[in-house]
Structures are given as C-alpha cells and as structure tokens.
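Structure assessment
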Amino acid sequence: TRKYTVAVMGEFKRGKSSLINALLGSKVLPADVTPTTATINRITYGTEPAVQIQFINGTTEKIGIHQLPDYVSTPEGAYIARQIREAVVYYPTVICQNYVDIIDTPGLDDDDAMTRITIDMIQNADAVIIPILARSPFSETENRFVCDLLERGNIGNLIFVVTFMDHLDEDDYEYDTF
C-alpha cells in the first residue's frame, strides 16, 4: 500500500500541467499560456472527482474540482496559494488506481518561493518527469536542476518528455536540429 510518487518538475511554461492532464485523459489541472501553477497539486485516485486543500496551518477545506484554479493558480489564487501546503485532487483515473500519486509542481526559475516549494518536493518523489521544451531543449536551469537531482542520488527514475513538438514546423530550417 506504499504510494509511488511521480513528480513532474521543470522550468515554468514547459507544459507540466498539460502533460499531467494528457496522462489523466481530462483537463483536471489548470493550464494556461502564462505561468499558472502556484502550489503543489497531488493527483491521487478517488472514485469521484474531489479536492481537499491542506493549508500550512494544519486546517483543510474540501472544494469542488471546478474551484481548483481559484486556489492554486496565478494570478487568481496567488494570495491563497501562499497559505496552501498542498492541494490533493482525487480523480477516478487508471494511472493512479494502484497507489500512484502524480505531483504537479510550480515552475523553476519563475519565483523564488515557488522554486523552493518545487525543490523541497524532490525528497518525497520516487520518480521525476522533466518536460523539455522542443524549441529550446535543455536550458542552463534545466541542466543545473538535473545535475542536482543526480547528485542527490535518491531519485530512482528520471524521465524526460519533449513537449510542444507540435510547435515545430517541418519547413523550419532548424527542424532537423531540434
């Protein structure tokens, strides 16, 4: 019954939330063209969609899944998000059915506080998925982050996913390079 935790981590606007939504087969997490995720969002199995907000002060609040952006997104929920330890999203998805939790994290290098939240999450992860943007693969920040993960030695599985492949144009002179 031990949970296997897969954290999706990387720079902001790399498609972390969109990747998780694709894995879930439904738009569960807020995703936008601007940096969106402001908290740790844990997706775990539940027979019905539901959300429990766990605040830093130890209190909890149950909200409807449609209210999630108001609590965990920037700029809508930025003030509330600073008070949240974690948003637990219960969702009836096969990928989480056998004790697998998927963690959506704030982007690295967007805001110091959000970067710290993401870095602190590493110690609880069994695997890390790092989305790499097709048009600018493996930035200096991503390089430092991956080197740090490898130096820690506690991550058993490190997975890279190239995102936004559909934004590359085959007629682009750099297509083959990308």
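It should be emphasised that the depicted structure is a prediction, and the values quoted were computed from it without experimental measurement.

On to the confidence of the model for the protein chain. Model confidence for the protein chain is summarised by a mean pLDDT of 83, while 85% of its residues fall at 70 or above. For the protein chain, per-element mean pLDDT is lowest for helix H4 (residues 112-121), which scores 69, and highest for strand S4 (residues 60-63), which scores 96.

Looking now at the pairing of strand S8 (residues 157-163). Here seven bridges tie strand S7 (residues 127-133) to S8, and the two strands are oriented parallel to one another. The residue bridging Val 128 from the neighbouring strand is Leu 158, located in S8. The parallel pair S7 and S8 is bridged by helix H5 (residues 140-152), and the resulting crossover is right-handed.

This part takes up helix H1 (residues 16-24). When we look at burial in H1, the residues that qualify are Lys 16, Ser 17, Leu 19, Ile 20, Asn 21 and Leu 24. Looking at the buried side of H1, the elements it contacts are strand S1 (4-8), strand S2 (41-45), strand S6 (100-104), S7 and S8. Phi for Gly 25, located one or two positions after H1, is positive at around 80°.

In this structure the tally under the stated criterion is six salt bridges. Asp 126 is paired through a salt bridge with Arg 2; the nearest N and O atoms lie 3.0 Å apart. Highlighted residues: Asp 126 in the loop between H4 and S7 and Arg 2 in the segment before S1, separated in sequence by 124 residues. The exposure class of Asp 126 is buried, given its relative accessible area of 16%. Among the salt bridges present, the one from Arg 42 reaches Asp 101, with a minimum N-O distance of 3.0 Å.

Let's shift gears to the sheet that holds S2. An order of S4-S3-S5-S2-S6-S1-S7-S8 is seen for the eight strands of this open sheet, with the pairing classed as mixed. Edge positions in the sheet fall to S4 and S8, since each has one partner strand and no second. Pairwise comparison of adjacent strand axes, ignoring direction, gives a mean angle of 20° for this sheet.

Turning to its location among the elements, Thr 39 is positioned in the loop between H1 and S2. A relative accessible area of 1% places Thr 39 in the buried class. A polar contact is formed between the side chain of Thr 39 and the side chain of Asn 41, at a distance of 2.9 Å. Ignoring anything within four residues of it in the chain, the contact list for Thr 39 reads Tyr 71, Val 72, Ala 81, Ile 84, Asp 104, Thr 105 and Pro 106.

Criteria and thresholds
- Per chain, residues are indexed from 1 in the order of the written sequence.
- Thresholds applied to this predicted model are a pLDDT of at least 70 for local features of residues and 80 or more for the giving and counting of side-chain atom pairs; totals over whole chains, interfaces and linings are not thresholded and use all residues.
- Excluded from the side-chain calculations are hydrogens and water; all other atoms, namely the structure's heavy atoms, are used.
- Per-residue confidence from the prediction method is given by pLDDT, with values spanning 0 to 100.
- Only runs of H or I of at least four residues qualify as helices and only runs of E of at least two qualify as strands under DSSP, and these elements are numbered from the N terminus.
- A pair of strands counts as paired when DSSP detects no fewer than two bridges linking them.
- Crossover handedness is defined by viewing with both strands directed away from the observer: a clockwise path from the first strand over the helix to the second marks the crossover as right-handed.
- Residue exposure (1.4 Å probe, protein chains only): buried if accessible area is under 20% of the type maximum, exposed if over 50%, otherwise partly exposed.
- Contacts between residues were defined by any pair of non-hydrogen atoms, one from each residue, lying within 4.5 Å.
- By definition, a salt bridge exists where a carboxyl oxygen of Asp or Glu is found within 4 Å of a side-chain nitrogen of Lys or Arg.
- Only C-alpha atoms enter the line fits that serve as axes; for helices the fit covers just the stretch in contact. Angles between N-to-C directions range over 0 to 180 degrees.
- Here a polar contact is recorded for every N or O atom pair within 3.5 Å, except that within protein the pair must consist of a potential hydrogen donor and a potential acceptor, and residues adjacent in sequence are included only if both atoms are side-chain atoms.

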